[in-house]
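Fold and geometry: a report
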Amino acid sequence: ALAFLTKGLIGIAFPGMIIGSWIVLQGQWRLLTKIHLISGIFLLLMLVLPWYILVQRANPEFLHFFFVTQQITRFLSTTTFNNQTTYWFYLPIVLIGFFPWTIFLIQACWQARKPHPKELFLLLWIAIIFIFFSIPHSKIMTYILPIFPALALLTAHYLSKQPSVIMAIVSFVGASFLLAIFLLLLAHYDWADISPPTMAPYSTTISLILIMSSFFSISLISKEKLLSFFATCAICIASCLLVLTFGIANLNHTSTKSIAAYLKTVVKPKEEVVTYFKYYQDLPLYLGQRVTIVADWQSPEIPYRDNWVRELWYGMAFQKTDEWLINEPTFWKRWNSGKRLFVVLNSNYFNQFKAKAPHYFVLEKDNDIILLTNKINTLR
C-alpha cells in the first residue's frame, strides 16, 4: 500500500512479478493457499483509497493523468517523453553506483548460476526490475534504485561463504586505481562540462582515499583477513561519499539559492519576481513566495514536449493561472508599466531578452543564471 501511494501501479507490479515468477519457477503453488488475499486487499484499499479519492475530487483529471499518462503511456511511448536514451543506460549506473562492492557482484552472480530458492528470488528481483526499466526509451537514473537491496543481499550471501580474499583484494585495488586515475585526470584537465575546476580539490581527495585504501588492502593479502578487508572497503566508500557530499554543490549549476538569498534582501511586499522562459523549481521554495512564469502557453508543441512547460500547462485547465502563468506580451506590458519587476533568466535567453528590453539593470549572476530588474534607484 505504501509503495502504491508512492509510485502507483509499479508498487504492486514489481512484488507481483517477482514473487509470481518465483512461485512458478519453484512450483511453490501451495503458498497461494497461505496468502491472506481478501484481508490483504481490504487493508491495501483502506490505506490508499482516502488519499486517491481526495486528490481526484480536487483534480478531476488526476487518475487518468497519474495512471494512464504517467505510467502506462510513459512506459510504452517512444516519442513523447524526455530522457530518451539507450537500452544499456542502467548498466554503468549499477556498476558505478554499487562500487566498491561491484568487484564481488560478478563473482556473486556466477556463484548463483545454479541458484537455490533464496538466490533465485534475488536474481529474479534484480533481473525483472533491470529489464523492466531498460525497455522504455524514457529513463531516469533513480528508477533503478529498487534493485540495490537485492544486489546487496546477493553480494552479502556470496561474502558469507568466505571467497578468496586475494582475488577480492586484487579486484578492489585494480578498480580503485582506475577510478583514482580517472578522477585525477578530471581534476587537473579542463573538462568543465563534466566537472568544474572548483571540484578539483574534492576529486583529488577522493583519489588519494582510493589509493591509500588500495595500499592498505594490499597489506592484507598475506593475512587473508576478509573482515579487515570488508572494513577497509566500507571506510573507503564512506569517506569518498563524505568528501563528495561536501563538494557536490560545485556540480549543481542550476540552483538559485544565492540568487534567491539576494532577492530576499531587496524584494518588497507585493513586488513581482518573474522567470523568463525558464522555470527554476527551487526558486519559490527559497523565496517563500510564488513566482510569475513567462512562456508561450498557447504553443501547439506543448503536448508533445516532456518538460516543465507541459507539467504546468496540464494544470491550467483546473486552476486560475492568468496572473502568474503569462505570455511574453503580458510580461512586457508589466515590465514597462512602471511597477518594479525582478526577472530571473538563463544566459541562453539573455540576448533574446535584451533585444526587446528598452532598459534593464543586471543585479546578480551565478553560473548561467542572471537576475535583472527594470528599476534600480530604490533597491536598498
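Described in the following lines is the structure provided in the data block. (Residues numbered from 1 in each chain as written. Predicted model: local features only at pLDDT ≥ 70, side-chain atom pairs only at ≥ 80, totals over all residues. Heavy atoms only, no water.)

**Quick word on the pairing of strand S1 (residues 272-276)**
Within a regular strand, the side chains alternate between the two sheet faces. Among the 5 residues of S1, 5 are classified as buried, and the element is accordingly described as predominantly covered. In S1, alternate side chains face the same way, and those of Glu 272, Val 274 and Tyr 276 on one face and Val 273 and Thr 275 on the other are all buried. Relative to strand S4 (residues 341-346), S1 runs parallel, the two sharing 4 bridges. Pairing of Val 273 across the sheet is with Phe 342, part of S4. As judged from the 3 bridges shared by S1 and strand S2 (residues 292-294), these two strands associate in the parallel manner. Its bridge partner being in S2, Val 274 is matched across the sheet by Thr 292. (Buried < 20%, exposed > 50% of the residue type's maximum accessible area, 1.4 Å probe, protein only. Helix = DSSP H or I, 4+ residues; strand = E, 2+ residues; numbered from the N terminus. Pairing = 2+ DSSP bridges.)

**Observations concerning the environment of Ile 135**
Along the polypeptide, Ile 135 turns up in the loop between helix H7 (117-134) and helix H8 (148-159). On the accessibility criterion, Ile 135 (53% relative accessible area) is exposed. Note: C-alpha distance between Ile 135 and Thr 86 (49 residues apart in sequence) is 9.3 Å.

**Some words on the packing of aromatic side chains**
This structure, assessed with the given rule, holds 33 aromatic pairs. Measuring from ring centre to ring centre gives 5.2 Å for Tyr 276 and Phe 353, while their planes differ by 90°; the resulting arrangement is edge-to-face. Within this pair, whereas Tyr 276 is found in strand S1, its partner Phe 353 is found in helix H16 (residues 350-356), the two being separated by 77 residues in sequence. For Tyr 276, a relative accessible area of 0% puts it in the buried group. Given a relative accessible area of 0%, Phe 353 falls into the buried group. Three or more aromatic residues joined by ring pairs make a cluster, and in this case those are Tyr 276, Phe 277, Phe 331, Trp 332, Trp 335, Tyr 349, Phe 350, Phe 353 and Tyr 360. Just above the ring of Tyr 280 sits the side chain of Lys 278; from NZ or CZ to the centre is 5.7 Å. (Phe/Tyr/Trp six-rings, centres within 6.5 Å; stacked < 30°, edge-to-face > 60°. Lys NZ or Arg CZ within 6 Å of the ring centre and 35° of its normal.)

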